[in-house]
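The primary structure of each chain is shown beneath.
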Amino acid sequence: MRLFFLFCTFLNSLCLAQNIQPKIALYNQKIKQFLLLNPKDTASVQVNEKGLFLKKKLLMDWDSLQKTENDFSRKRTQQKARFLLQSFLSVPKKPLLGWKIALDPGHFAGDLQTAKIEGKYLQMTLSDSTKIEFWESHLAWATAKLLQEYLENAGATVMITRSRPEYTVFEKSFDDLYREYVQRHYSAEYAIRQSIKSQKRKMPLSKNTFFQVFFKRDELRKRVEKINAFKPDLTLIMHYNVDEKNTNWNKPVPKNFSMAFVGGAFELEDLKEESLDDFVRLMCTQDTEKSVLLAQKVLQFHQQDAKVPIVSIANDQDYLQDKCLYTGVQGVYARNLLLARAIEGVVCYGESLLQDSEQEIRRLNEKTLKVGDIYTSPRVLEIADAYFKGIMSYCQS
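What counts, and where the lines are drawn
Residues numbered from 1 in each chain as written. Predicted model: local features only at pLDDT ≥ 70, side-chain atom pairs only at ≥ 80, totals over all residues. Heavy atoms only, no water. Pairing = 2+ DSSP bridges. Helix = DSSP H or I, 4+ residues; strand = E, 2+ residues; numbered from the N terminus. Axes fitted to C-alpha atoms, helices over the stretch in contact; angles between N-to-C directions. Contact = heavy atoms within 4.5 Å. Salt bridge = Lys/Arg side-chain N within 4 Å of Asp/Glu carboxyl O. Buried < 20%, exposed > 50% of the residue type's maximum accessible area, 1.4 Å probe, protein only. Parallel < 35°, antiparallel > 145°, perpendicular 65-115°, else oblique. Left-handed = near helix turned anticlockwise from the far one by under 90°. 1 Å grid on protein atoms, 1.4 Å probe; cavity = no way out; pocket = protein on both sides within 12 Å on 5 of 7 lines; lining within 4 Å. Points joined across faces, edges and corners; volume = space filled by probe spheres on them. Nonpolar A, V, L, I, M, F, W, Y, C, P; charged D, E, K, R; others polar. Expected span 1.5 Å × (residues − 1). pLDDT = per-residue confidence, 0-100. Phe/Tyr/Trp six-rings, centres within 6.5 Å; stacked < 30°, edge-to-face > 60°.

**A word on the sheet that holds strand β7 (residues 157-160)**
Okay, step 1: Reading across the sheet, the 7 strands line up as β7-β4-β8-β12-β9-β11-β10 and stay open at both edges, with mixed pairing between neighbours. What marks the edges here is a single partner per strand, and that holds for β7 and β10 (324-326). Direction aside, the axes of adjacent strands within the sheet are offset by 25° on average.
Okay, step 2: With 3 bridges connecting them, β10 and strand β11 (residues 332-335) associate as antiparallel partners. Bridging from a neighbouring strand, C324 pairs with R335 of β11.
Okay, step 3: Across the face of the sheet, helix α8 (residues 287-304) comes into contact with β8 (234-241), β9 (259-263), β11 and β12 (346-354) while running at roughly 30° to β12.
Okay, step 4: Across the face of the sheet, helix α12 (residues 379-395) comes into contact with β4 (100-105), β8 and β12 while running at roughly 150° to β8.

**Some details on the pattern of salt bridges**
Okay, step 1: Considering all chains together, one arrives at 27 salt bridges under this definition.
Okay, step 2: Taking the shortest distance from any N to any O, the salt bridge between E69 and K23 comes out at 3.3 Å. Taken together, the positions of E69 in helix α2 (residues 62-88) and K23 in helix α1 (residues 2-35) put the pair 46 residues apart, joining distant regions of the chain.
Okay, step 3: Judged by relative accessible area, which is 28%, K23 ranks as partly exposed.
Okay, step 4: Here D71 and R74 are joined by a salt bridge, their closest N and O atoms 2.4 Å apart. Here the residue D71 and the residue R74 both occupy positions in helix α2, the gap between them amounting to 3 residues, near one helical turn.
Okay, step 5: R74 gets classed as partly exposed once you look at its relative accessible area, which sits at 47%.

**What to know about the pairing of β8**
Okay, step 1: The buried count for β8 comes to 8 of 8 residues, which makes it a mostly enclosed element.
Okay, step 2: Side chains L234, L236, M238 and Y240 of β8 all project onto a buried face; the interleaved residues T235, I237, H239 and N241 project onto the opposite face, where all are buried too.
Okay, step 3: Examined bridge by bridge, β8 and β12 share 7 bridges and lie parallel to one another. Paired with M238 across the two strands is G350, which belongs to β12.

**Describing the packing of helix α4 (residues 136-153) against α12**
Okay, step 1: Where α4 contacts α12, the two axes come as close as 9 Å, and the packing angle between them is 45°. Between α4 and α12, the angle falls in the class oblique. Both α4 and α12 take part in a crossing whose hand is right-handed. Within the contact between the two elements, α4 uses L139, A142, T143, L146, L147, Y150 and L151 and α12 uses V380, L381, I383, A384, D385, Y387, F388 and I391.

**With respect to the layout of surface pockets**
Okay, step 1: Reported here for the largest pocket is a volume of approximately 960 Å³.
Okay, step 2: Surrounding the largest pocket, 40 residues form its lining, H107, K120, K216, L337 and Y349 being those nearest its centre.
Okay, step 3: A per-element tally of the lining of the largest pocket places helix α6 (residues 207-230) first, with 7 residues.
Okay, step 4: The residue inventory of the lining of the largest pocket, partitioned by class, reads 14 nonpolar, 9 polar and 17 charged.

**Regarding α12**
Okay, step 1: Taking 1.5 Å as the rise per residue, α12 with 17 residues should run 24 Å; its terminal C-alpha atoms sit 25 Å apart, in good agreement.
Okay, step 2: Extensive coverage of α12 is indicated by the burial of 12 of its 17 residues.
Okay, step 3: Among all positions in α12, only R379, V380, I383, A384, A386, Y387, F388, G390, I391, M392, Y394 and C395 are buried.

**Quick notes on the confidence of the model for the protein chain**
Okay, step 1: Summarising the model, the protein chain shows a mean pLDDT of 91, and 91% of its residues fall at 70 or more.
Okay, step 2: With pLDDT under 50 throughout, residues 3-17 is counted as low confidence; its partners more than four residues away or in other chains account for 0 contacts.

**Quick look at the packing of aromatic side chains**
Okay, step 1: Evaluation of the coordinates by the stated rule reveals 16 aromatic pairs.
Okay, step 2: Ring centres 5.4 Å apart and planes at 80° place the aromatic pair F108 and F215 in the edge-to-face group. With F108 in the loop between β4 and α3 (112-118) and F215 in helix α6, the pair connects residues that are 107 residues apart, well separated along the chain.
Okay, step 3: The exposure class of F108 is buried, given its relative accessible area of 3%.
Okay, step 4: Classification of F215 by relative accessible area gives buried; the value is 6%.
Okay, step 5: Seen from their ring centres, Y326 and Y333 are 5.7 Å apart, and the 55° between their planes marks the pair as tilted.

The following block contains the structure:
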């Protein structure tokens, strides 16, 4: 009887191991295709029937991997049920009814001075004496605001992370937040001096240092937190690019292209704490594959309607070679950007065009379109429309 029991236990274990082998193979394939930047590292990061390992160290056991997969699978099942119910309640001309979509316009500068702190602006004089001066955050915000209107008119529920062009995700301007920091600094510094009876004053950080050391990372984390709390079906992160090779962006360049990022391309040192959770989620769900499809649709309409070429596979942008993994879809790359990897669900991180392109720079400098409280370039209408058509194509596929 004892031998029979041991034989049955062995047989059950063998069957279980055989049943999970396809899933193990899928996990390891996704690690290789999307998740590890350096192909040599795939030998160090492996999944087997015991769990996820890094150089023979167990990072997460098999049961925990399955719990992650099942948790997100339940969310997707609930999403499908919501869409199915909505299909019975369909309203004419509201094809996106039931969809929850988050829009995140990149950066936050409301003026040139703040844009210079962010390092996200163009300012130059062209050969014909035309003065160029604009900044990315206004372009991104106007694009998102227009897209929000298109999506809501189609029935979607939309959340935008910055409600005003000069606002950060904290719903205050950077200047206001910096002033609050300075006030807190002097209050705390005065209390410390009183306690130690010192007359020596410690000055607050400069705006630039405050931005680089504290604010930049905190603001990005808040975007992740805000979007994940909304629990969107899709997230669109909107940016406008520049040519990496154009030093200081002080002259126009003859090239122009669009691209998009999805989460992935981790390095070994990234596999810790919160980054590990993101890695496991991307490995155990279909988020990456669906994000690639959404990005493909968005870029298709950038090229077809907005007339922005998709970046070619053979290109001169070093970060695409050094920091990204090509997904197999032209223009779409896996990259370990906080927003691309940490926002749950389907995410497209778009870079719509080159602001310093000869084909774009004069158009972007035209501030004749009023969106909200700002005047910006009419070019954002075409980019917002390309995003909208890409989203529609994805949602109806």
